[in-house]
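A structural walkthrough
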Amino acid sequence: MKPKLAFFDFTGCEGCQLEVLNFETELVELLQHVDIVNFREAISEKGQDYEIAFIDGAVTTESEIPRIEKIRQQAKILVAMGACACLGGVNCLKNFHPMEENLKIVYGANACEYVWYYNTIPARPVSAVVPVEYELPGCPMNRYEFIKLAKALLLGKKFELPNYPVCVECKQAGNVCAFDRGEICLGPVTRAGCNAICITNGRRCWGCRGLVDDPNVNSEKEILQKHGLTVADILGQFRLFDGYLEVSK
Amino acid sequence: MTQLNINVHHVTRVEGHGNIIVNAKDGKLEEIRWEIPESPRFFEAMMRGRNYEDVAIIAPRICGICSIAHATASIQASEAAFGVQLSEQTMLLRKLLFNAETLQSHVLHFYFLAAPDFLGVGSVFPLASTHKEVVLRALRLKKLANDLADLIGGRKTHPMACTVGGFAKLPEVSQLKTMQQRLTEAMDDLKETVKLFKGLNIPNFIRETEYIALNDPKEYAFISGDISSTDTGTTPITNYLDMTNEFCVPQSTAKFSKHNRDSYMVGALARFNNNYSQLSSAAQEASDELGLKPICHNPYMISVAQIVESVDTVEDSLKLIDQLITRGLKEEKPDVKVKAGRGIGAVEAPRGILFHDYTYNDKGILMEANCVIPTNQNHNNIQKDMEALVPHIINETREEITPMLEMLVRAYDPCISCSAHFLEVKFI
C-alpha cells in the first residue's frame, strides 16, 4: 500500500505548494511511491482518507481552527511547510496593529458592509493550534528538504533539521559577510538549511527559517555593537517572519 | 418542477479559494454567483511603517505563483516614488527575469491546471503514466523557466537578487550561454505544445467585453508602457484608479472592477487583443496555427493566448541574452536616494495588469499603499460570463453544466490568494 498524502492550504501565498510542483523530475519519481489524494491547487479529487497531511499557510481566521483540528484528527503525521505554517510568517505583521484598528482602516468610510466575512484573528503558526510532527521552515520552504523528509518518512528513518546557524553554510559558500557590507543580517541566529541562499545572492538573511535552538544571542549582540546597531534595529528585522515569537511571549 | 442547484465549494486547480453557486427552477435561472471566500491578509497594513527594502521583500509574499510580478511592481513603484534612474543592463535583466515567470506560470496553467479538463482526467498526475511524453515536456519547460528565474532573480519563488535600483548579483556569461542553448531547444517543445492544443476541443462561447493591458509602442509590453483599453485607447499608469474603479460585493473578500462596460478582462487574451501586432513572428505563426485572432471574445481561449505568449517570451529571452552577452555584464551600485513622495508601478503579471501604488515619507518609510490585482479585475468578468453562459446550457444536466463553469473559471487562471489580499487601506 502506498502511503496517502494530502496537501492543505491555509492563509498564505501557496508558494510552498508550488515548490512541490516545482520538483519537475523528482516529482514523477515521488508519484511512484505515494498517492496524492487531496491537493486542491493541482488536482480535482478531494480525498479525505490520508495518513500524511502537509499544511501551508498560517491560521488567521476563526474558521481555520476547526478545519486544522479536523485534519489533525485524520492525519497520523502532520507536516507544516514554510514560514507561514511554521512561524506564522509575514502574516503576523498584522498582529502588531490592534485588530480593531486594522478593521477600521480597512472598512472605514465607504468600505464594505460585509464585515462578517472577515472573521480574522491574530495570525499564528499551525503548532499554536494543534501538535505538529515535522516542520519545513523557510519562505518558501527548501524543496530539497521536503524530498529529504519524504524519503525519511517512506523509509521510516529519522528526520532532523540542521541545528546550527546560517553563518555556517554562508562561510562554506565563501560569501563576504553581510555585516561587512554594512547590512543587518539575521544569519548568526537563524536556523541553517537554506545554503545561505539570500547572502549568496548579494543580500542578507531575513530569518525566514526561524531561530536556531538556543541561539547565541550574546554573540549576535556583540556583532550588532561592533557595527553600531541596536537590539531595536534587529527586532524590526525579526518581525518580518518571526513576529509571532515576540507577541506570544 | 425541476430544480437545479450547483454548489462547487472551492474550485480545484486554481490558485486560492472560489465557489460557484447556480440555482435554477424549471429551466429558469434564479441565481448565479462567483464567490470569493479567501482569507484576507491585510498586506497594506503589513507593509506600513517598513522601509522600501523590506517592502520589496514583503510584496512578493502576496503570491507564490506571481512573486516576480509583485516584486517587480513593488520595486518599480518605489523607484517611481524616489525618481531612480535605471541602467540599460538592469532593464535587460529585469525583463529576462520577468519572462521567466511568465513562461513558468503559463506552462503551469496550460499543462497542469487547464489541460486535464480537455484530456478527461482529474489532474496532471495520472497523465504521468498515460501521456508520459506530455508530462515530461511540461516539466522540461517549467524547469527551464524556473532555472532561468533562479539564475537572474536568485530564486523563482520570492526572488531577492532584484532590488530597488538594480541587481544584487549578476549571472556569469557562461551561465547565460547555457541558458541560451536550452531556450533554443525549448522552441521544439513549444511547437509540440501548439500541436497538442490545436487538437483539443475548446468550448465556443462568445461574450464581447472590454480588454485592458499595458501597451508600449516599443515592444509587446510586460513591465513598461501605458494602460490600453480596446474600448477607450491609452492613458498613463498614473490614471490607473480611473480604469480599475474597484467596488465591494457581498459574496467576496476580493473587490470587483469595471470601467467602460459592466466588466472588463485582463491577462493573456487582453494583452493579445491589445498588442497582437507586436508579437514575434513565431508567436504570430503559433496563433495562426491555433486559430486565435484579435479581437477574440472567447474567454476559454485565454489558455491558447498563453501558449502564443510563451513562444514570444522564449524568443524575447533569446534576444535579451544576446544583448547582455554582447554588451558584457558589469557590477553597478544602485543609485537610490530616498525622498518623500508617491510612485506607481504597473506590470503585466501572467494573469494581467497589476498596480502597486506607494507613498513614502522622507526617510523611505512606507506610509500608504494600494495594490490592484489582476484577478480582482477579472472577477466581475467571470461573473458576467457565467450570467451569459448559463442560460444557453440551462437545460443540460448538472454533470454537464458544472465542468463548463469550472473550466471557465480555470481559463482565467485566477490567482485568488492575491486578489483577496488586497483591501484598500488608507493609512492615517
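To be clear, the structure that these remarks concern was listed above.
These figures come from a predicted structure and were not determined experimentally. (Residues numbered from 1 in each chain as written. Chains lettered and ligands numbered in written order. Predicted model: local features only at pLDDT ≥ 70, side-chain atom pairs only at ≥ 80, totals over all residues. Heavy atoms only, no water.)

1. Here's the deal with the overall build of chain A
On a plain count of helices and strands, chain A comes out with 10 helices and 7 strands. Counting over 249 residues, chain A shows a buried share of 55%. Sequence separation of at least 24 residues holds for 74% of the intrachain contacts in chain A that already meet a minimum separation of 6. Carbon and sulfur atoms provide 53% of the accessible area of chain A, an area that totals close to 10800 Å². (Helix = DSSP H or I, 4+ residues; strand = E, 2+ residues; numbered from the N terminus. Buried < 20%, exposed > 50% of the residue type's maximum accessible area, 1.4 Å probe, protein only. Contact = heavy atoms within 4.5 Å. Areas by Shrake-Rupley, 256 points an atom, 1.4 Å probe, with all protein chains shown as cover.)

2. Considering helix H10 (residues 281–290) of chain B
Residue and element names in this part refer to chain B. Listed as buried for H10 are Ala282, Ala283, Ala286, Ser287 and Leu290. Looking straight down H10, one finds its buried side chains confined to an arc of 140 degrees; they lie on one side. Counted as exposed and oriented over 90 degrees from the buried face of H10: Ser281, Glu285 and Asp288. The secondary structure elements touched by the buried residues of H10 are helix H7 (173–198), helix H9 (268–275) and helix H11 (302–327). (Arc of directions from axis to C-beta.)

3. Remarks on the pairing of strand S12 (residues 366–372) of chain B
All names here are of chain B. By the criterion of burial, S12 is predominantly enclosed, with 5 of the 7 residues buried. Sheet topology note: the strand S11 (residues 352–360)/S12 ladder contains 6 bridges and is antiparallel. Counterpart to Tyr358 in the pairing with S12 is Ala369. In sequence, S11 turns back onto S12 through a hairpin of 5 residues, with Gly364 there showing a positive phi of about 80 degrees. (Pairing = 2+ DSSP bridges.)

4. Some points on the pattern of salt bridges
Counted by the stated rule, this structure contains 35 salt bridges over all chains. Shared partners join several salt bridges into a network, and the residues in it are Arg181(A), Glu183(A), Arg204(A), Arg50(B), Glu53(B) and Asp54(B). (Salt bridge = Lys/Arg side-chain N within 4 Å of Asp/Glu carboxyl O.)

5. Observations concerning empty space enclosed by the protein
Residue and element names in this part refer to chain A. The tally for this structure, following the rule as stated, stands at 7 cavities of 30 Å³ or more. The calculated volume of the largest cavity comes to roughly 120 Å³. In terms of lining, the largest cavity is formed by 18 residues, of which the most central are Cys13, Gly15, Cys16, Cys84 and Cys139. Examining the composition of the lining of the largest cavity, we find that 3 residues originate from one element, helix H4 (residues 82–87), more than from any other. Looking at the lining of the largest cavity, its residues break down into 8 nonpolar, 6 polar and 4 charged. (1 Å grid on protein atoms, 1.4 Å probe; cavity = no way out; pocket = protein on both sides within 12 Å on 5 of 7 lines; lining within 4 Å. Points joined across faces, edges and corners; volume = space filled by probe spheres on them. Nonpolar A, V, L, I, M, F, W, Y, C, P; charged D, E, K, R; others polar.)

6. Considerations on the sheet that holds strand S8 (residues 233–235) of chain B
Residue and element names in this part refer to chain B. Spatially, S8-S7-S6-S9 is the arrangement adopted by the 4 strands of the open sheet, whose pairing is mixed. One side of each edge strand has no neighbouring strand; the edge strands of this open sheet are S8 and strand S9 (264–265). Pairing between strand S6 (residues 210–215) and S9: 2 bridges, direction parallel. Along S9, the bridge assignment pairs Glu210 with Tyr264.

7. Observations concerning the packing of H7(B) against H11(B)
Helix-helix packing is characterised by the crossing angle of the two axes and by the distance between the axes. Residues and elements named next belong to chain B. Between H7 and H11, the shortest axis-to-axis distance is 9 Å and the interhelical angle comes to 165 degrees. For the element pair H7 / H11, the angle class is roughly antiparallel. For the pair H7 and H11, the crossing hand works out as left-handed. Contacts between H7 and H11 pair Val173, Leu176, Lys177, Met179, Gln180, Leu183, Thr184, Met187, Leu190, Thr193, Val194 and Phe197 from the former with Ile307, Ser310, Val311, Val314, Glu315, Ser317, Leu318, Ile321, Asp322, Leu324 and Ile325 from the latter. (Axes fitted to C-alpha atoms, helices over the stretch in contact; angles between N-to-C directions. Parallel < 35°, antiparallel > 145°, perpendicular 65-115°, else oblique. Left-handed = near helix turned anticlockwise from the far one by under 90°.)

8. Side note on unusual backbone geometry
Negative phi values dominate among residues other than glycine, just as trans dominates among peptide bonds. Looking along the chain, the bond that leaves Cys139(A) and enters Pro140(A) is cis, with omega of 0 degrees. Inspection of the secondary structure assignment puts Pro140(A) in the loop between strand S7 (134–136) and helix H6 (143–155). Look at the link from Pro294(B) to Ile295(B): it is a cis peptide, with omega at -10 degrees. Inspection of the secondary structure assignment puts Ile295(B) in the loop between H10 and H11. A positive phi is found at Glu14(A), a non-glycine position, where the angle reads about 65 degrees. Its place among the elements puts Glu14(A) in the loop between strand S1 (4–9) and helix H1 (15–21). The phi angle at His158(B) is positive, at roughly 65 degrees, despite the residue not being glycine.

9. What to know about the packing of aromatic side chains
All names here are of chain B. With the rule as written, the count across this model stands at 15 aromatic pairs over all chains. Aromatic side chains Phe110 and Tyr111 sit 5.4 Å apart centroid to centroid with 55 degrees between the ring planes, which places their arrangement in the tilted category. Considered together, Phe110 and Tyr111 belong to a single accessibility category, that of buried residues. Taken together, the aromatic side chains of Tyr52, Phe82, Tyr358 and Tyr360 make up a single cluster linked through ring pairs. One residue, Lys142, lies across the ring of Phe112, its end atom 5.6 Å from the ring centre. (Phe/Tyr/Trp six-rings, centres within 6.5 Å; stacked < 30°, edge-to-face > 60°. Lys NZ or Arg CZ within 6 Å of the ring centre and 35° of its normal.)

10. Points about the packing of helix H4 (residues 88–119) of chain B against helix H6 (residues 132–153) of chain B
Residue and element names in this part refer to chain B. Viewed as axis vectors pointing N to C, H4 and H6 meet at an angle of 155 degrees, and their least axial separation amounts to 8 Å. In terms of axis orientation, H4 runs roughly antiparallel to H6. The hand of the H4/H6 crossing is left-handed. Counting all contacts with H4, which are made through Leu93, Leu96, Leu97, Ala100, Leu103, Gln104, Val107, Leu108, Tyr111 and Phe112, the residues of H6 involved are Val134, Arg137, Ala138, Leu139, Leu141, Lys142, Ala145, Asn146, Leu148, Ala149, Ile152 and Gly153.

11. What to know about the state of the cysteines
In total, this model carries 0 disulfides over all chains according to the counting rule given. Free cysteine Cys167(A): the closest other cysteine sulfur is in Cys185(A), separated by 6.3 Å. (Disulfide = S-S within 2.5 Å.)

12. Structural notes on the side chain of Ser224(B)
All names here are of chain B. By secondary structure assignment, the location of Ser224 is in the loop between S6 and strand S7 (226–229). In terms of polar contacts, Ser224 uses its side chain to reach the side chain of Asp216, at 2.6 Å. Filtering out sequence-adjacent residues up to four positions away, Ser224 remains in contact with Leu214, Asp216 and Glu219. (Polar contact = N/O pair within 3.5 Å; in protein donor to acceptor, adjacent residues only side chain to side chain.)

13. What about the environment of Ile75(B)?
All names here are of chain B. Position of Ile75 relative to the elements: it lies in helix H3 (residues 67–82). Along the chain, Ile75 and Ser224 lie 149 residues apart, while their C-alpha atoms are 13 Å from each other. With residues near it in sequence (within four places) discarded, Ile75 still touches Ala56, Arg94, Cys162, Thr163 and Val164.

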